[in-house]
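# An overview of the molecular structure
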Amino acid sequence: MTKIKTTLLLSAVALATFSTNAFATQKKGTKTNRNTKARIETGMRTITEDAARAHVYFLADVLLEGRRAGERGSRIAKRYIESRIREIGLKPLLGDSYEQPFEACGVQRLKRSPRFYVNADSIAKIKKGVYQSLALSNVLAMLPGRKSDEYVVVGAHLDHEGQYADVAGDGIYNGADDNASGVSAVLQIMKAFAASGEQPERTVVFAFWDGEEYGLLGSQYFTDHFSGMAKVKGYLNFDMVGSGTDSKYLMYFFTAAHPRLGEWLKDDINKYKFNTFEPDYRAWENPVGGSDQQSFHLKGVPIVWYHTGGQPHYNQPSDEAPTLNYPKLTDITRASYLTAWHLANETAY
């Protein structure tokens, strides 16, 4: 009987100890979750309408001459982007430079713009004849994650259409919505991640593509040459997210085979009450065309693309900074910061 009592007593002590440890572990986990949530929201509070205006007004200024790839305005835009990266304190993704240089070549055709290529075989063939060459470069920075063998990429193209001396009147295609708005979003998301003080699970790459208007050149070059491409788990794309109207319309494209990508935004809208945009959720079986998400999809990477759609100033000199819907752009940036956070931290999607 004494042995039985002793056994029961020891079992009770063990159960009580287990329950206490389990409660302590649960309490610690709850506290950790609260701390993480607080840090995420600390980052989100750094995303402001004033910052959106500052970025767009600079990048779409006439002094940048429309930011045509390979020309002076585009190079000024890169210096601006790099200065923001240095201010935040992020490191280059590749070596000691934030830039990933590459060459694009196209067959020279009189009175017609050539189609440019960046793959080595096409360039070698083109260079056997009369050709045009562009010296381009992507701008790439990274925030190291706990897992050095997994990446997510957040990107937007920095170039636009440039200026045309033979256009009557205003010949500068400033590209405020297309795509200073997207660059603004990536810059603010980059700052928010850094300001959160929370290290993500996956390494986050912040990318600013060159030569998109010539045919997705920068993102194609990156996806063809980045040594860690097989370890990229997701790509978030921004191309025209400032609208030019009072419409709340937002196209939210995502890879159809990954439905969780579509659920995140719904959850975050319910939680944070974003009310300046109304998403049109578009699950896309084959997200090819339109923007740089194509380059990643063709490598098998799940994608999300925020896009506010066509508007009256699209591909016009009138696509200028004052025409953008900044409250909408700011809320889209906040929501997409949370999307990027999910991409960087969710176990599976």
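Residues numbered from 1 in each chain as written. Predicted model: local features only at pLDDT ≥ 70, side-chain atom pairs only at ≥ 80, totals over all residues. Heavy atoms only, no water.

### Some words on the overall build of the chain
Scanning the chain from terminus to terminus reveals 9 helices and 11 strands. In terms of overall dimensions, the chain has a C-alpha envelope of 105 × 45 × 40 Å along the principal axes. Accessible surface computed for the chain: about 16,500 Å², of which carbon and sulfur atoms make up 53%. Charge separation in the chain, taken as the distance between the mean sites of 41 positive and 39 negative side-chain charges, equals 9 Å. (Helix = DSSP H or I, 4+ residues; strand = E, 2+ residues; numbered from the N terminus. Areas by Shrake-Rupley, 256 points an atom, 1.4 Å probe, with all protein chains shown as cover. Lys, Arg positive; Asp, Glu negative; His and termini not counted. Charge placed at Lys NZ, Arg CZ, Asp CG, Glu CD.)

### A closer look at the packing of helix α2 (residues 49-59) against helix α5 (residues 176-196)
Running from amino to carboxyl end, α2 crosses α5 at an angle of 135 degrees, the nearest separation of the two axes being 9 Å. Between α2 and α5, the interaxial angle falls into the category oblique. The handedness of the crossing between α2 and α5 is right-handed. Touching Ala 51, Ala 52, His 55, Val 56 and Leu 59 of α2 are Ala 176, Ala 180, Ser 181, Val 183, Ser 184, Leu 187 and Gln 188, all from α5. (Axes fitted to C-alpha atoms, helices over the stretch in contact; angles between N-to-C directions. Parallel < 35°, antiparallel > 145°, perpendicular 65-115°, else oblique. Left-handed = near helix turned anticlockwise from the far one by under 90°. Contact = heavy atoms within 4.5 Å.)

### Considerations on the packing of aromatic side chains
Scanning all chains against the criterion turns up 25 aromatic pairs. Between Tyr 164 and Tyr 173 the ring centres are 5.5 Å apart and the planes differ by 80 degrees, which places this aromatic pair in the edge-to-face class. According to the relative accessible area criterion, Tyr 164 is partly exposed, its value standing at 36%. On the basis of an interplanar angle of 80 degrees and a centroid distance of 5.2 Å, the ring pair of Trp 264 and Tyr 349 is categorised as edge-to-face. Of this pair, Trp 264 sits in helix α7 (residues 260-272) while Tyr 349 sits in the segment after α9 (326-345); the two residues are 85 residues apart in sequence, bridging distant segments of the chain. (Phe/Tyr/Trp six-rings, centres within 6.5 Å; stacked < 30°, edge-to-face > 60°. Buried < 20%, exposed > 50% of the residue type's maximum accessible area, 1.4 Å probe, protein only.)

### Observations regarding the confidence of the model for the chain
On average, residues of the chain score 91 in pLDDT, and 91% of them reach the 70 mark or higher. Scored below 50 in pLDDT, residues 12-20 shows 0 contacts in the model against residues more than four places distant or in partner chains. Under a pLDDT of 50 for its full length, residues 22-31 has, in the predicted model, 0 contacts with residues more than four places off or in other chains. (pLDDT = per-residue confidence, 0-100.)

### Some thoughts on the nonpolar core
In terms of nonpolar packing, the biggest core is built from 61 residues, with Ile 85, Phe 193, Phe 206, Phe 208, Phe 238, Tyr 306 and Tyr 337 touching the most fellow members. Discounting residues that sit within four places of it in the chain, Phe 193 has contacts with Leu 143, Glu 198, Pro 200, Val 204, Phe 206, Tyr 337, Ala 340, Trp 341 and Ala 344. Of all hydrophobic cores here, the second largest spans 15 residues; its members include Leu 93, Val 153, Val 232 and Tyr 235. (Core = buried A, V, L, I, M, F, W, Y, C linked by side-chain atoms within 4.5 Å.)

### Some words on unusual backbone geometry
Cis rather than trans, the peptide bond between Asp 178 and Asn 179 has omega equal to 10 degrees. Tracing the chain through its elements places Asn 179 in helix α5. Phi angles above zero are rare outside glycine, and Arg 67 is one such case at about 55 degrees. With respect to the helices and strands, the residue Arg 67 is situated in the loop between α2 and α3 (72-88). The exposure class of Arg 67 is buried, given its relative accessible area of 1%. Even without glycine at this site, Asn 315 takes up a positive phi of about 55 degrees. Checked against the element boundaries, Asn 315 lands in the loop between β11 (303-307) and α9. Judged by its relative accessible area of 28%, Asn 315 falls in the partly exposed class.

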